[in-house]
Amino acid sequence: MIKFFLMVNKQGQTRLSKYYEHVDINKRTLLETEVIKTCLSRSTEQCSFIEYKDFKLIYRQYAALFIVVGVNDTENEMAIYEFIHNFVEVLDVYFSQVSELDIMFNLDKVHIILDEMLLNGCIVETNRARILAPLLILDKISES
């Protein structure tokens, strides 16, 4: 099960965070700081799977953005690694070459995409067309 999902830039600024287990707000900032520092300090030659405290971290870097997912010990690392890539591909389709600015100025839409893909920390949808369908309907309604 996925415990949290983070999008972070190279400077360590969190652009998106979503938690699927309750974590106190003070502990969240400490956890995010430690997780980000751990992932940013690794070289590109090192593995993208890290054992960290009582869970695993799986991360991928896309240009200036890091996507970090914290999972429990029973989760399949490669499935999460591919899930991260699928999430970025969906963002690319919707935003046409997604950038950090797209995420910052359209955070609500990024959350909608993530909510279509994940439910209570479990992957429920990977089909791009079905993920984007509600967003495209919202866009049509807002245009009219």
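No experiment lies behind these values; they were computed from the predicted model shown. (Residues numbered from 1 in each chain as written. Predicted model: local features only at pLDDT ≥ 70, side-chain atom pairs only at ≥ 80, totals over all residues. Heavy atoms only, no water.)

Peer 1: Teacher, can you tell me more about the nonpolar core here?
Peer 2: If you look at soluble globular proteins, the nonpolar side chains tend to sit buried side by side. Among the nonpolar cores identified, the biggest contains 28 residues, and Phe5, Met7, Phe87 and Ile113 are the most heavily contacted of them. Among the elements of the structure, strand S1 (2–9), strand S5 (65–71), helix H2 (77–95), helix H4 (107–117) and helix H5 (128–143) are those that each provide at least two residues to this core. Once residues within four sequence positions are removed from consideration, Phe87 is found in contact with Phe5, Met7, Ile67, Val110, Ile113, Leu114 and Met117. Residues Tyr52, Phe55, Tyr59 and Val68 belong to the second largest nonpolar core, which totals 15 residues. (Core = buried A, V, L, I, M, F, W, Y, C linked by side-chain atoms within 4.5 Å. Buried < 20%, exposed > 50% of the residue type's maximum accessible area, 1.4 Å probe, protein only. Helix = DSSP H or I, 4+ residues; strand = E, 2+ residues; numbered from the N terminus. Contact = heavy atoms within 4.5 Å.)

Peer 1: Where do I start with the sheet that holds strand S4 (residues 55–62) in this structure?
Peer 2: Hydrogen bonds between backbone groups are what pair the strands of a sheet, and the pairing can be parallel or antiparallel. A sheet is described by the order of its strands in space; here five strands give the open sequence S2-S1-S5-S4-S3, paired in antiparallel fashion. What marks the edges here is a single partner per strand, and that holds for strand S2 (14–19) and strand S3 (49–52). Strand-to-strand twist across the sheet, computed as the mean angle between neighbouring axes with direction ignored, equals 20°. As paired elements, S1 and S2 share five bridges and run antiparallel to each other. Bridge pairing in S2 links Leu6 to Ser17. This element, H2, spans S1, S3, S4 and S5 of the sheet and lies at about 35° to S4. Those strands touched by H4 are S1 and S2, and its axis lies near 35° from that of S2. (Pairing = 2+ DSSP bridges. Axes fitted to C-alpha atoms, helices over the stretch in contact; angles between N-to-C directions.)

Peer 1: Would you take a moment to explain the side chain of Ser48 for this structure?
Peer 2: Residue position: Ser48 is located in the loop between helix H1 (25–40) and S3. In this structure Ser48 comes out as buried when scored by relative accessible area, which is 16%.

Peer 1: What's the story with the packing of H2 against H5 in this structure? I'm lost.
Peer 2: Axes are the key here: two packed helices are described by the angle between their axes and the distance separating the axes. Relative orientation of the contacting elements H2 and H5 amounts to 35°, with a least axis distance of 11 Å. Crossing of H2 over H5 shows right-handed handedness. Of H5, the residues touching H2 (which contributes Asn86, Glu89, Val90, Val93 and Tyr94) are Arg128, Ile131, Leu132, Leu135, Leu136 and Asp139. Taken together, the residues that form the contact of H2 with H5 break down as seven nonpolar, one polar and three charged. (Left-handed = near helix turned anticlockwise from the far one by under 90°. Nonpolar A, V, L, I, M, F, W, Y, C, P; charged D, E, K, R; others polar.)

Peer 1: Hey, could you run me through the side chain of Asp102 in this one?
Peer 2: Following the sequence through the fold, Asp102 ends up in helix H3 (residues 100–105). Although Asp102 is buried, it forms no salt bridge, and the closest oppositely charged side chain is Lys109 at an N-O distance of 9.8 Å. A polar contact of 3.0 Å, which involves the side chain of Asp102, links it to the backbone nitrogen of Ser99. Sequence-distant contacts of Asp102, that is, excluding residues within four places in its chain, are made with Phe95 and Gln97. (Lys, Arg positive; Asp, Glu negative; His and termini not counted. Salt bridge = Lys/Arg side-chain N within 4 Å of Asp/Glu carboxyl O. Polar contact = N/O pair within 3.5 Å; in protein donor to acceptor, adjacent residues only side chain to side chain.)

Peer 1: I keep staring at the pairing of S1 and nothing clicks. Help me out?
Peer 2: One face of the sheet, then the other: side chains in a regular strand alternate in exactly this way. A large share of S1 lies buried, amounting to eight of its eight residues. Alignment of S1 against S5, held across seven bridges, turns out to be antiparallel. What sits directly across from Leu6, in S5, is Val68.

Peer 1: What should I look at first to understand H4 in this one?
Peer 2: Helical periodicity: at 3.6 residues per turn, an α-helix aligns residues three or four positions apart in one direction. When H4 is considered as a whole, its buried residues turn out to be Val110, Ile113, Leu114 and Met117. Here the buried residues of H4 occupy an arc of 95° about the axis, which is enough to place them on one side. (Arc of directions from axis to C-beta.)

Peer 1: What exactly am I supposed to notice about the environment of Phe87 here?
Peer 2: Along the chain, Phe87 falls in helix H2. For Phe87, a relative accessible area of 0% corresponds to the buried category. Remark: the alpha-carbon pair of Phe87 and Met117, spanning 30 residues in sequence, is separated by 8.0 Å.

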